[in-house]
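What the coordinates show
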Amino acid sequence: MIDPGLALTGADRGRTPFRSRMSGKRVCVSDFEADAKKILPKAVYDYYRSGAEEERTLGENVAAFRRWSLVPRVLRDVSSVDTSVSVLGQNLSTPICVAATAMQRMAHPDGETATARACKAADTGMMLSSWATSSVEEVMSAMTTVAGGGDILWLQLYIYKDRELSLSLVRRAEEAGYRAVFVTVDTPYLGRRWDDMRNQFKLPPHLSMANFSGAALAFSEGNYGDDSGLAVYVSKSIDPSLSWDDIAWLKRNTHLPVVVKGILNAEDAIQAVNHGVDGILVSNHGARQLDGVPATLDVLEEVASAVQGRCEVFVDGGVRRGTDVLKALALGARAVFIGRPVLWGLACQGEQGVREVLELLKEELRLAMALAGCRSLSEISRSLVRRTQLTSRI
């Protein structure tokens, strides 16, 4: 078994700036990933990078953006471009938000607290995983230390077999000042992630899921057998009986907006709005659950059309550049969520690395909007994109 605990310590990381260890300037997200792969222990990199089974959907999430072309307008006076947006009633400087990614202290000693500070500096929102290695309270405290606008944190929630445990996490988020709950609905069981199974993945011994006490719930038991430790954890703890009634239950038990995370078709989207959700996150869990499902971009328009403006629609999966963001917005998303790019930035240079990734994507979006003739997000429409026609090489 490969021990993910063989990461660089905080002291090691602090002595030499990360950039001095790397060759060349990072000019795109893939540069950050290449550098992160050199830094992270194999089991940690595999956990962050991998998808389910043959990873067909993992590749499709990225490839889907290449199936759409941009059709720009010209002579539009783009001397000023505004990327600001309102998400769930909160104003952000960019429609590029940070998705929930678990156990970030495996990537860097500061983990989720560094990501939160970077999000505050970028004036965007962050979704915190239930499975964070920093607590709900710690992450909000870190965000409030950075000067600037609002502190926009959202809680990603798994529904545990112990419903009171789930509600206690929601209550803590409410008290700490979180702005919404994103409830994950695509994980009654964990998908078969071959890399994690081969690596017998588990948290390094010095880390735990910080929102829970006790080794069983904090994912810090010593032995999970010869399987992925996280798969064992999910089978023991997460409730596979989750149904639409539980969305109504959650709505009754929180005053926060509720977003359903994991919708991939019109039928479920209509069910969601009929149950009063405030938003839908079109997501296939980063291609980590059921391999062979569609890329999220390929079903985004279907979901947005079904909703007909009755709730906000977001998308994650495969977003790697500003033009990807632009295409997603044109197909009906109010905002996009990015996960792996943030982890790569965090691994490379902690808070500063995440800031660089967010600034890079924001600037790529601003430039793409200008070159496409869009001065604000309100000018981005369906007419901006066209499905690329496949031509035969015969």
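Residue positions are given per chain, counted from 1 along the sequence in the order it is written. Given that this is a predicted model, residues contribute local features only at a pLDDT of at least 70 and side-chain atom pairs are listed and counted only at 80 or more, while totals for whole chains, interfaces and linings are drawn from all residues. In computing side-chain values, all of the structure's heavy atoms are included and hydrogens and water are not.

**Structural notes on empty space enclosed by the protein**
Definitions used for this entry: grid spacing 1 Å over protein atoms alone; cavity, a set of points where a 1.4 Å probe fits but cannot get out; pocket, an open set with protein on both sides within 12 Å along at least 5 of 7 lines; lining residue, one with an atom within 4 Å of a point. Grid points are joined across faces, edges and corners, and a volume is the space filled by probe spheres set on the points. As enumerated under the stated definition, the model contains 2 cavities of 30 Å³ or more in all. Lining the largest cavity are 32 residues, and of these Ala-100, Thr-101, His-285, Gly-286 and Arg-288 lie nearest its centre. Per the convention used, a helix needs a DSSP run of H or I reaching at least four residues, while a strand needs a run of E reaching at least two, with both numbered from the N terminus. When residues of the lining of the largest cavity are traced back to their parent elements, those giving at least two are helix H4 (42-49), helix H5 (56-63), strand S11 (335-338) and helix H15 (340-372). By the convention adopted, Pro, Cys, Tyr, Trp, Phe, Met, Ile, Leu, Val and Ala count as nonpolar, Lys, Arg, Asp and Glu as charged, and the other residues, Gly among them, as polar. A per-class count over the lining of the largest cavity returns 15 nonpolar, 11 polar and 6 charged. As a volume, the second largest cavity reaches approximately 30 Å³. Taken together, Leu-92, Cys-119, Lys-120, Asp-123, Thr-124, Met-143, Gly-150 and Ile-152 make up the lining of the second largest cavity. Broken down by class, the residue content of the lining of the second largest cavity amounts to 4 nonpolar, 2 polar and 2 charged.

**With respect to the packing of aromatic side chains**
Both the distance between ring centres and the angle between the ring planes are used here to describe each pair of aromatic rings. Only centres within 6.5 Å qualify two rings of Phe, Tyr or Trp (six-membered ring in Trp) as a pair; their planes then separate them into stacked at under 30 degrees, edge-to-face at over 60, and tilted for everything else. One pass over the structure, following the stated rule, counts 15 aromatic pairs. With centroids separated by 5.7 Å and ring planes inclined at 55°, the aromatic side chains of Tyr-47 and Tyr-48 adopt a geometry described as tilted. Between buried and exposed lies partly exposed: a residue is buried under 20% and exposed over 50% of the maximum accessible area for its type, with that area taken using a 1.4 Å probe on protein chains only. With a relative accessible area of 5%, Tyr-47 lands in the buried category. Both rings, one in Phe-182 and one in Phe-314, keep their centres 6.3 Å apart while their planes meet at 40°; by these two values the pair is tilted. In this pair, Phe-182 sits in strand S7 (residues 181-184) while Phe-314 sits in strand S10 (residues 312-316), placing the two residues 132 residues apart along the sequence. Summarising the burial analysis for this pair, Phe-182 and Phe-314 share the class buried. Here the aromatic cluster, defined as three or more aromatic residues joined through ring pairs, consists of Tyr-47, Tyr-48, Trp-131, Tyr-158, Tyr-160, Phe-201, Phe-212, Phe-219, Tyr-224 and Tyr-233. A positively charged side chain is recorded as over a ring if its NZ (Lys) or CZ (Arg) lies within 6 Å of the ring centre. The angle to the ring normal must also be within 35 degrees. In this structure, Arg-288 is placed above the aromatic ring of Tyr-47, and the distance from its NZ or CZ to the ring centre is 4.7 Å.

**Overview of the side chain of Asp-46**
Tracing the backbone shows Asp-46 in helix H4. Judged by its relative accessible area of 7%, Asp-46 falls in the buried class. Any pair of N or O atoms that falls within 3.5 Å is considered a polar contact. Within protein, one atom must be able to donate a hydrogen and the other to accept it, and sequence-neighbouring residues count only if both atoms are side-chain atoms. Polar contacts involving the side chain of Asp-46 include one to the side chain of Asn-199, which spans 3.0 Å. Whether two residues touch is decided by their heavy atoms; if any such pair falls within 4.5 Å, the residues are in contact. Those residues in contact with Asp-46 that sit more than four places away from it in its chain are Asp-195, Asp-196 and Asn-199.

**As for the packing of helix H7 (residues 136-144) against helix H8 (residues 163-176)**
Here H7 crosses H8 at 20°, and the two axes come no closer than 9 Å. By the criterion of interaxial angle, the relationship of H7 to H8 is roughly parallel. The two elements H7 and H8 meet at a crossing, and its hand is right-handed. Facing Val-136, Glu-137 and Met-140 of H7, the residues of H8 in contact are Leu-169, Arg-172, Ala-173 and Ala-176. Counted by class, the contact of H7 with H8 contains 5 nonpolar, no polar and 2 charged residues. Interaxial angles span 0 to 180 degrees and are taken between N-to-C directions of axes, which are lines fitted to C-alpha atoms, for helices over the stretch in contact. Each angle receives one of four descriptions, namely roughly parallel if under 35 degrees, roughly antiparallel if over 145, roughly perpendicular if within 65 to 115, and oblique otherwise. Left-handed is the label given to a crossing in which the near helix is rotated counterclockwise from the far helix by less than a right angle, and right-handed is the label when the rotation is clockwise.

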